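# Geometric and topological summary
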Amino acid sequence: MPRNKTPRFYFSLRSPYSWLAHRELTSRYPELVERLEWVPFFEPDEESGRLLQERGGQFPYSEMSRAKNMYVLQDIGRITKARGITVNWPVDKDPVWEVPHLGYLVAAREGLGQDYIAAVYRARFGEGRNICDPAVIADIGAALGLDPEQVSTAQADPLLREQGADILLDVCKDGVFGVPFFVRGFNRYWGLDRLDAFVEHLRSTTPAEASPPAAVAGAVGIGRSADDGHAGGCG
């Protein structure tokens, strides 16, 4: 049977495609928000990488090339222009992605996970703010009624670090290689333009597949970094 029957949405607070998928999902399919397990996907720093390796995992992602980065900027520009959305691009300088993503764990624990995601995306892509700056996360937390110090220093909490490493191991086990990434059982959907197919899958009466698909030469590898194509996602 599938390892996890609960449908999951792997999202990144860094990724513009995740941001757009979040907008689409919450506006067009609000009834599915509570049905999904929202799992943060973030590039580990040295400490998180060590904790993941101790668990037997290896993060399946490598930094994109400059050419691909330029393509993403162009592609997001086309998508947002077509949808009438204004983007204020942030500048990432020596980012520590545990800052916003482990902060999400604090917010989710207090029942404010969705509010936090929306606020962080708004800060990053609407206001061009540096979401790896603890002061920015503290401001967001305070506005949501969270303890600003607790949410902005989540990366310094050993228990949250351990929880983050467990999440990274789930990334490996679920074969996530980019975001947005949707999982139900052995069914996987990568990219903004796979959201509708994922929703249709959830709404169908067809149960989750009982076994993984057979390997096909040249196909995207499950559980390792690969990029055989682009589906409106970062990876």
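Structure shown above.
Residues numbered from 1 in each chain as written. Predicted model: local features only at pLDDT ≥ 70, side-chain atom pairs only at ≥ 80, totals over all residues. Heavy atoms only, no water.

## As for the pattern of salt bridges
Applying the stated criterion across every chain, the model contains 20 salt bridges. The partner of Glu-37 in a salt bridge is Arg-8, with the nearest N and O atoms 2.9 Å apart. Of this pair, Glu-37 sits in strand S2 (residues 37-40) while Arg-8 sits in strand S1 (residues 8-11), and the two are 29 residues apart along the sequence. Given a relative accessible area of 7%, Arg-8 falls into the buried group. With a shortest N-O distance of 3.6 Å, Arg-161 and Glu-47 are connected by a salt bridge. Of this pair, Arg-161 sits in helix H8 (residues 158-173) while Glu-47 sits in helix H2 (residues 46-54); the two residues are 114 residues apart in sequence, bridging distant segments of the chain. Since its relative accessible area comes to 6%, Arg-161 is described here as buried. On the accessibility criterion, Glu-47 (34% relative accessible area) is partly exposed. Each of the salt bridges in this network shares a partner with another, and the network as a whole consists of Arg-8, Glu-37, Asp-170, Asp-174 and Arg-188. (Salt bridge = Lys/Arg side-chain N within 4 Å of Asp/Glu carboxyl O. Helix = DSSP H or I, 4+ residues; strand = E, 2+ residues; numbered from the N terminus. Buried < 20%, exposed > 50% of the residue type's maximum accessible area, 1.4 Å probe, protein only.)

## Some details on the sheet that holds strand S3 (residues 181-184)
Picture the strands of a sheet paired through backbone hydrogen bonds; they go either parallel or antiparallel. In space, the four strands of this open sheet follow the order S2-S1-S3-S4, with mixed pairing throughout. Each of the sheet's edge strands pairs with one partner strand only, and the pair in question is S2 and strand S4 (187-190). On average, adjacent strands in this sheet sit at an angle of 20° to one another, irrespective of strand direction. Pairing of S1 with S3, which is carried by three bridges, proceeds in the antiparallel orientation. Looking across to S3, one finds that Arg-8 is bridged to Val-183. (Pairing = 2+ DSSP bridges. Axes fitted to C-alpha atoms, helices over the stretch in contact; angles between N-to-C directions.)

## Points about the environment of Ser-65
Along the chain, Ser-65 turns up in the loop between H2 and helix H3 (66-82). From its side chain, Ser-65 meets the backbone nitrogen of Lys-68 in a polar contact 3.1 Å long. (Polar contact = N/O pair within 3.5 Å; in protein donor to acceptor, adjacent residues only side chain to side chain.)

## Here we look at the pairing of S1
When a strand is regular, its side chains alternate between the sheet's two faces. Judged by which residues are buried, S1 turns out to be covered on both faces: Arg-8 and Tyr-10 on one side and Phe-9 and Phe-11 on the other are all buried. Crossover S1 to S2 through helix H1 (residues 16-28) is right-handed. (Right-handed = clockwise from strand over helix to strand, strands pointing away.)

## Topic: H2
Within H2, burial applies to Ser-48, Gly-49, Leu-51 and Leu-52. Buried residues of H2, seen end-on, are gathered within an arc of 165° and therefore sit on one face of the element. Opposite the buried face of H2, by more than 90 degrees, sit the exposed residues Glu-46, Gln-53 and Glu-54. Among the structural elements, helix H4 (98-109) and H8 are those in contact with the buried residues of H2. Capping the start of H2 is the job of one residue whose side-chain oxygen sits 3.2 Å from the backbone nitrogen of Glu-47: Asp-45. (Arc of directions from axis to C-beta. Contact = heavy atoms within 4.5 Å.)

## A closer look at the side chain of Gln-155
Structurally, the position occupied by Gln-155 is in the loop between helix H7 (148-152) and H8. Accessibility expressed as a relative area gives 18% for Gln-155, which makes it buried. Those residues within four positions of Gln-155 in sequence are excluded, and the remaining contacts are Glu-98, Val-99, Leu-102, Pro-134 and Arg-161.

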